[in-house]
Amino acid sequence: ASVILQMTALGLGEVSEFPFIDPPDPRAVRDGYALLEELGAIDTRRDTPHLTRLGRELARLPIDPRLGRMVLEANRHGCVREVMVIAAALSIQDVRERPSEHRQAADEHHRRFDVPGSDFLSLVKLWDPLRERQQQLTGNQFRKMCRTEYLNYLRVREWQDLFSQIRQIGGQIGIRQGTEAGHPDRVHQALLAGLLSHIGVRDSATEQKRGPAEYKGAHGSRFAIGTGSVLSKAQPKWVMAAELVETNRLWGRMTATIQPEW
């Protein structure tokens, strides 16, 4: 989807006709177009697909189209800072580390930032104290603190740098942070704009079975909530997931409770 978005913005024509040295799988191209249509970024009703106004703005943001769509929607909901923090975090490898020999200690440190009902908001809850401690400590002290609290220092810096990039480019297209904190429901509604095909509803037919509840998702998919999520035991009726990953089964990672009315 990112490639199609950038190629269309640059006026390079149809992806299927572009002379790639190693052409992408046609199914990947089809899925890419479908995602951009889902996000409202591209209009394929004409002979040649073209970007919508929203698509042109998306093409300028240095992140995945799903995440960029969240940032654009956040401007409407008054929660730009929170969604930029989340989008930057989801663009990189998780800053929280769980070494196998210290897994319990790491979990205890990370659990301080848990927010009931939302893995996304735990990222915002982690962001603020991290920034405060960084300002109070020297570079070496901050690096040492990250190691003690099972946070990857280099990924924390990458998170902060990417947030700054998104904020800077967002400002150029009129997306600016407000002075007040965004309401959690508004944050989730903004995130939902990029995760429409990652919604799941709990399957009542599997509730009597042992193990994690199964959720019915888009396009006939069925997934379970990963064990690291704050929702893994709560198992609410409706959820959205940042990503769906297939291992021994399909798992929803980084999840939050949503309301179908949204």
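Our structure's up above, just so we're on the same page.
So, here is what we can say about the structure in this document. Note that this is a predicted model, so its numbers are computed, not measured. (Residues numbered from 1 in each chain as written. Predicted model: local features only at pLDDT ≥ 70, side-chain atom pairs only at ≥ 80, totals over all residues. Heavy atoms only, no water.)

**Some thoughts on a nonpolar patch on the surface**
Right, on to step 1. A cluster of nonpolar residues, Leu10, Leu12 and Phe18, forms a patch on the protein surface that exposes about 290 Å² of accessible area.
Right, on to step 2. Checked against the element boundaries, Leu12 lands in the loop between α1 (2-9) and α2 (26-38).
Right, on to step 3. With a relative accessible area of 41%, Leu12 lands in the partly exposed category. (Patch = residues over 30% accessible without salt bridge, like charges linked within 9 Å, V, L, I, M, F, W, Y side chains within 5 Å. Areas by Shrake-Rupley, 256 points an atom, 1.4 Å probe, with all protein chains shown as cover. Salt bridge = Lys/Arg side-chain N within 4 Å of Asp/Glu carboxyl O. Helix = DSSP H or I, 4+ residues; strand = E, 2+ residues; numbered from the N terminus. Buried < 20%, exposed > 50% of the residue type's maximum accessible area, 1.4 Å probe, protein only.)

**Regarding the nonpolar core**
Right, on to step 1. Ranked by internal contacts, the top residues of the largest apolar core, which has 63 residues, are Val71, Val83, Phe120 and Trp159.
Right, on to step 2. Excluding anything up to four places from it in sequence, Val71 contacts Leu61, Ile63, Val83, Met84, Ala87, Ile166 and Ile175.
Right, on to step 3. Membership of the second largest hydrophobic core comes to 7 residues, among which are Tyr215, Ile225, Val239 and Leu250. (Core = buried A, V, L, I, M, F, W, Y, C linked by side-chain atoms within 4.5 Å. Contact = heavy atoms within 4.5 Å.)

**Some points on the pairing of strand β6 (residues 238-246)**
Right, on to step 1. Bridge count for strand β3 (residues 199-202) against β6 is 3 bridges, and the pairing is antiparallel. The residue of β6 that forms the bridge with Ile199 is Met240.
Right, on to step 2. Bridge count for β6 against strand β7 (residues 250-257) is 7 bridges, and the pairing is antiparallel. Bridged to Glu246 within β7 is Leu250.
Right, on to step 3. The antiparallel pairing of β6 with β7 creates a hairpin that spans 3 residues between the two strands. (Pairing = 2+ DSSP bridges.)

**Section: the pattern of salt bridges**
Right, on to step 1. As enumerated under the stated definition, the model contains 13 salt bridges in all.
Right, on to step 2. Residue Glu82 is joined to Arg81 by a salt bridge in which the shortest nitrogen-to-oxygen separation is 3.9 Å.
Right, on to step 3. Overall, the relative accessible area of 6% leaves Glu82 in the buried class.
Right, on to step 4. Assessed through its relative accessible area of 24%, Arg81 is described here as partly exposed.
Right, on to step 5. Across the salt bridge formed by Asp107 and Arg98, the nearest N and O atoms sit 2.7 Å from each other.
Right, on to step 6. For Asp107, a relative accessible area of 21% puts it in the partly exposed group.
Right, on to step 7. Its relative accessible area of 44% is what places Arg98 among the partly exposed residues.
Right, on to step 8. Linked by salt bridges that have partners in common, Asp203, Glu214, Arg222 and Arg249 make up one network.

**Regarding the sheet that holds strand β5 (residues 222-225)**
Right, on to step 1. Here 5 strands make up a closed barrel; going around it, the order is β3-β4-β5-β7-β6 and the pairing mixed. The sheet shows a mean angle of 50° between the axes of neighbouring strands, direction not considered.
Right, on to step 2. Sitting on the sheet, helix α7 (residues 120-136) is in contact with β6 and β7, with an inclination near 65° to β7. (Axes fitted to C-alpha atoms, helices over the stretch in contact; angles between N-to-C directions.)

**Examining a positive patch on the surface**
Right, on to step 1. There is a patch of like positive charges on the surface, built from Arg143, Lys144, Arg147 and Arg157.
Right, on to step 2. For the positive patch, the leading source of residues is helix α8 (residues 139-148), giving 3 residues.
Right, on to step 3. Position of Arg157 relative to the elements: it lies in helix α9 (residues 153-172). (Lys, Arg positive; Asp, Glu negative; His and termini not counted. Charge placed at Lys NZ, Arg CZ, Asp CG, Glu CD.)

**Brief notes about the packing of aromatic side chains**
The relation between two aromatic rings is expressed through the spacing of the ring centres and the mutual angle of the planes.
Right, on to step 1. Following the criterion strictly, the structure yields 5 aromatic pairs and no others.
Right, on to step 2. Where Tyr215 meets Phe223, the ring centres are 5.8 Å apart and the plane angle is 20°; that geometry is what we call stacked.
Right, on to step 3. When its relative accessible area of 0% is taken as the criterion, Tyr215 is described as buried.
Right, on to step 4. Grouping aromatic residues by their ring pairs yields a cluster made of Trp127, Trp159 and Phe163.
Right, on to step 5. Between the NZ or CZ atom of Arg249 and the centre of the ring of Trp251, over which it lies, the distance is 5.4 Å. (Phe/Tyr/Trp six-rings, centres within 6.5 Å; stacked < 30°, edge-to-face > 60°. Lys NZ or Arg CZ within 6 Å of the ring centre and 35° of its normal.)

**Quick look at the environment of Pro99**
Right, on to step 1. In this structure, Pro99 sits in the loop between α5 (80-90) and α6 (103-111).
Right, on to step 2. Remark: the alpha-carbon pair of Pro99 and Tyr150, spanning 51 residues in sequence, is separated by 8.3 Å.
Right, on to step 3. Residues in contact with Pro99, not counting those within four places in the same chain, are Ala106 and Tyr150.

**Some words on the pairing of β5**
A regular strand places its side chains so that they alternate between the two faces of the sheet.
Right, on to step 1. As defined by bridge partners, strand β4 (residues 215-217) adjoins β5 across 2 bridges and the pair is classed as antiparallel. When the bridges of β5 are listed, Tyr215 appears paired with Phe223.
Right, on to step 2. Examined bridge by bridge, β5 and β7 share 2 bridges and lie parallel to one another. Among the inter-strand pairings, Ile225 is bridged to a residue of β7, identified as Gly252.

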